[in-house]
Amino acid sequence: MATSSPHQRDVTSEWLATRAVEAEPTRLLDDEPEVRTAATDIGVRVSATLRELFVSCDAGLALQQQFEHLTPDFIALHDLGTRTSRSLLARLAAASSQAVQQLSIRRQGFGHELASLEFVDLPTPGGRALRLYSTEVDADTTTRHAMAHTLLGHARLGVLMVGALPAHALHTALRPLQDAMRAGPWPSRQLLLMPLAAPGNLAQVGSDMAREAHIEVQTTPRVNRPSDAWNFISSSWNRLRDAPPPSVPSGPRPATAGAAAPAPHADGAFEFTPASAPVPFDRRTSPAAAAHSSPVIEAPLQSYIDKVVAIKGMVSACVFDHSTGLPLVHAGARPEANTLASHGQQLLSAMWASSRAMGLGQTLPEAAITLGQHHLLLRPLPGRPGLAVHAVLDQTQANLTLARVQLQNLDGTLSDA
């Protein structure tokens, strides 16, 4: 009787392994988790930081079709006379412990890359990521311009980062964008102009764009730090997210954050300290005061501070508890919440002590103070014992008397709430 060697190949088992498994049930592609995930985003994820989209048409048209099909909410960062959007994207990603990701658009059947663009998904308090794209696309010139216009045209918020351009160069640089708006499709209704150098006539240019294209255009003060730029962007996004889409705006309005900043480097690059970047898209409530503010109080106060910071020329504003010096809600850029609250408390305490010492009354005072380039407004909140608002306005943009009247008119919003 023949015996098998322990080294003899098991031919039968190898042959069986090549047979079809007849008992395996049929599976539909739509049931695959990775397919369901891909259907809610552009392209297919092939690595932790790369998505690929295979197309049979031009990259710009393919991206437009994806946006029209998926209708995503995102922010587009666009450079005008500078190359800053990618740098800002990378620094925001680092400050948020996220990775910069890439979307590669490739030709179907051939695989060669038509275009590549970068984006970052920033976490929000609700758990849903918000995407920021840079329109600085790696592609040929025609494709690069087409994709940049597609990104801006379908963004919920478009951000134009404007470098040091003289008036004639600014009009020349904006002309392709204005032509794309006229040609359409251009569903985006919100545009933020952010000068990285002296703004010049940028506000007037924004006014003309708003009137011609029937979109809402905001122009920020000059910025040169990513944290300032981020405050402008997040402040605009928070208002945009909380408000219904506008109809036809009457014209531009100033952005609700920001302060006069030192001049940027000659190349328009930002200086950046990671610790200075705020938590992405968190509600503008100070962590130090979180334990002291209830949701019932916070909602009307947040609505109030959003209206305060929308006053023309307003740079930063904070509602604080004048007995403890703790900030409750804040909107705008610098000074930050803790600085406004602590110095507001000191000013109120000094004025209150002087009033009592001179026998002029025990009522909490109200003040309007003019500094070198800024105005300070300090007043208690009616109907909110123990609370006061400290606001900073840019002297070159604000009318102090008008701002005081507008601030007083907002008292009714607190009473209604």
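All figures in this text were calculated on a predicted structure; none of them were measured in a lab. (Residues numbered from 1 in each chain as written. Predicted model: local features only at pLDDT ≥ 70, side-chain atom pairs only at ≥ 80, totals over all residues. Heavy atoms only, no water.)

1. A few points about the sheet that holds strand S13 (residues 367–370)
Line of reasoning, step 1. The five strands lie next to each other as S12-S11-S15-S14-S13, forming an open sheet whose pairing is antiparallel. At either end of the open sheet lies a strand with only one pairing partner, and these are strand S12 (326–332) and S13. On average, each strand axis in the sheet is inclined to that of its neighbour by 15 degrees, with strand direction left out of account.
Line of reasoning, step 2. By the bridge criterion, seven bridges tie strand S11 (residues 314–321) to strand S15 (residues 387–394) in an arrangement that is antiparallel. Residue phenylalanine 320 lies in a different strand from S15, and its bridge partner there is alanine 388. (Pairing = 2+ DSSP bridges. Helix = DSSP H or I, 4+ residues; strand = E, 2+ residues; numbered from the N terminus. Axes fitted to C-alpha atoms, helices over the stretch in contact; angles between N-to-C directions.)

2. Notes on helix H4 (residues 85–95)
Line of reasoning, step 1. Listed as buried for H4 are Ser85, Leu88, Leu89, Leu92 and Ala93. Buried residues in H4, looked at end-on, bunch into an arc of 135 degrees, giving them a common side.
Line of reasoning, step 2. Within two residues after H4, serine 97 carries a phi angle of roughly 60 degrees, on the positive side. (Buried < 20%, exposed > 50% of the residue type's maximum accessible area, 1.4 Å probe, protein only. Arc of directions from axis to C-beta.)

3. Overview of the confidence of the model for the chain
Line of reasoning, step 1. Confidence along the chain averages 75 in pLDDT terms, with 75% of residues attaining 70 or more.
Line of reasoning, step 2. Note on residues 245–297: pLDDT is under 50 here. Beyond four places in sequence and across chains, it has 145 contacts. (pLDDT = per-residue confidence, 0-100. Contact = heavy atoms within 4.5 Å.)

4. Describing unusual backbone geometry
Line of reasoning, step 1. The omega angle of the peptide bond from glycine 184 to proline 185 is -5 degrees, so this bond is cis rather than trans.
Line of reasoning, step 2. Following the sequence through the fold, proline 185 ends up in the loop between helix H6 (167–183) and strand S8 (190–195).
Line of reasoning, step 3. Look at serine 97: it is not a glycine, yet its phi comes out positive at around 60 degrees.

5. Focus on the pattern of salt bridges
Line of reasoning, step 1. Evaluated as defined, the whole model comprises 14 salt bridges.
Line of reasoning, step 2. Between glutamate 136 and arginine 83 there is a salt bridge, with the nearest N and O atoms lying 2.6 Å from each other. In this pair, glutamate 136 is assigned in the loop between strand S6 (130–134) and helix H5 (141–154) and arginine 83 in the loop between strand S3 (74–80) and H4, connecting sequence segments 53 residues apart.
Line of reasoning, step 3. For glutamate 136, a relative accessible area of 16% gives the class buried.
Line of reasoning, step 4. In this structure, glutamate 366 engages arginine 379 in a salt bridge whose closest nitrogen and oxygen atoms are separated by 3.3 Å. Taken as a pair, glutamate 366 in the loop between helix H10 (337–357) and S13 and arginine 379 in strand S14 (residues 374–380) lie far apart in primary sequence, 13 residues in all. (Salt bridge = Lys/Arg side-chain N within 4 Å of Asp/Glu carboxyl O.)

6. Topic: the packing of H6 against helix H7 (residues 202–213)
Line of reasoning, step 1. At a closest axis distance of 11 Å, the pairing of H6 and H7 adopts a crossing angle of 15 degrees. In this view, H6 runs roughly parallel relative to H7, as classed from their interaxial angle. Considering only the axes of H6 and H7, their crossing is right-handed. Each of Leu170, His171, Leu174, Leu177, Gln178, Met181 and Arg182 in H6 lies in contact with H7, whose residues at this interface are Leu202, Val205, Met209, Glu212 and Ala213.
Line of reasoning, step 2. Across the contact of H6 with H7, the residue classes break down as eight nonpolar, two polar and two charged. (Parallel < 35°, antiparallel > 145°, perpendicular 65-115°, else oblique. Left-handed = near helix turned anticlockwise from the far one by under 90°. Nonpolar A, V, L, I, M, F, W, Y, C, P; charged D, E, K, R; others polar.)

7. Digging into the packing of aromatic side chains
Aromatic ring pairs are defined here through the distance separating the ring centres and the angle between the ring planes.
Line of reasoning, step 1. The full count for this structure, using the stated rule, is four aromatic pairs.
Line of reasoning, step 2. With 5.2 Å between their ring centres and 85 degrees between their planes, phenylalanine 74 and tyrosine 133 make a pair best called edge-to-face. Of this pair, phenylalanine 74 sits in strand S3 while tyrosine 133 sits in strand S6, placing them 59 residues apart in sequence.
Line of reasoning, step 3. Members of the aromatic cluster, joined through ring pairs, are Phe67, Phe74, Phe119 and Tyr133. (Phe/Tyr/Trp six-rings, centres within 6.5 Å; stacked < 30°, edge-to-face > 60°.)

8. A closer look at H7
Line of reasoning, step 1. Spanning twelve residues, H7 covers 16 Å between terminal C-alpha atoms, matching the ideal 16 Å at 1.5 Å per step.
Line of reasoning, step 2. Buried within H7 we find Leu202, Val205, Gly206, Ser207, Met209 and Ala210.
Line of reasoning, step 3. Residues of H7 that are buried sit in contact with strand S7 (157–162), H6, S8 and strand S9 (216–219).
Line of reasoning, step 4. Where H7 terminates, the next one or two residues include histidine 214, which has phi positive at roughly 55 degrees. (Expected span 1.5 Å × (residues − 1).)

9. Some remarks on the packing of helix H3 (residues 59–70) against H5
Line of reasoning, step 1. For the pair H3 and H5, interaxial distance at closest approach is 8 Å and the crossing angle is 15 degrees. Considering their axes alone, H3 and H5 lie roughly parallel with respect to each other. In the packing of H3 onto H5, the handedness of the crossing is right-handed. Taken together, the residues of H5 that come into contact with H3 (itself represented by Ala59, Gly60, Leu63, Gln64, Phe67 and Glu68) are Thr143, Met147, Thr150, Leu151 and His154.
Line of reasoning, step 2. A class-by-class count of the residues in the contact of H3 with H5 yields five nonpolar, five polar and one charged.

10. A short note on the pairing of strand S1 (residues 44–47)
Line of reasoning, step 1. Strand direction decides the pairing type here: S1 and strand S2 (residues 50–55), joined by three bridges, are antiparallel. In the strand pairing of S2, arginine 45 is matched with arginine 51.

11. Quick word on empty space enclosed by the protein
Line of reasoning, step 1. Applying the stated criterion across every chain, the model contains four cavities of 30 Å³ or more.
Line of reasoning, step 2. The volume enclosed by the second largest cavity comes to roughly 40 Å³.
Line of reasoning, step 3. Every residue lining the second largest cavity is listed: Gln178, Met181, Arg182, Met209, Glu212 and Ala213.
Line of reasoning, step 4. Within the residue set of the lining of the second largest cavity, elements represented by two or more residues are H6 and H7.
Line of reasoning, step 5. Its residues placed into classes, the lining of the second largest cavity shows three nonpolar, one polar and two charged. (1 Å grid on protein atoms, 1.4 Å probe; cavity = no way out; pocket = protein on both sides within 12 Å on 5 of 7 lines; lining within 4 Å. Points joined across faces, edges and corners; volume = space filled by probe spheres on them.)

12. Description of the pairing of strand S4 (residues 101–107)
Line of reasoning, step 1. Bridge analysis of S2 against S4 gives six bridges, and the strand direction is parallel. By the bridge assignment, arginine 51 is partnered in S4 with leucine 103.
Line of reasoning, step 2. In this structure, S4 lies alongside strand S5 (residues 113–122), joined through six bridges in antiparallel fashion. Bridged to glutamine 101 within S5 is phenylalanine 119.
Line of reasoning, step 3. The turn joining S4 and S5, which pair antiparallel and follow one another in sequence, is formed by five residues; a positive phi near 90 degrees is taken by glycine 109.

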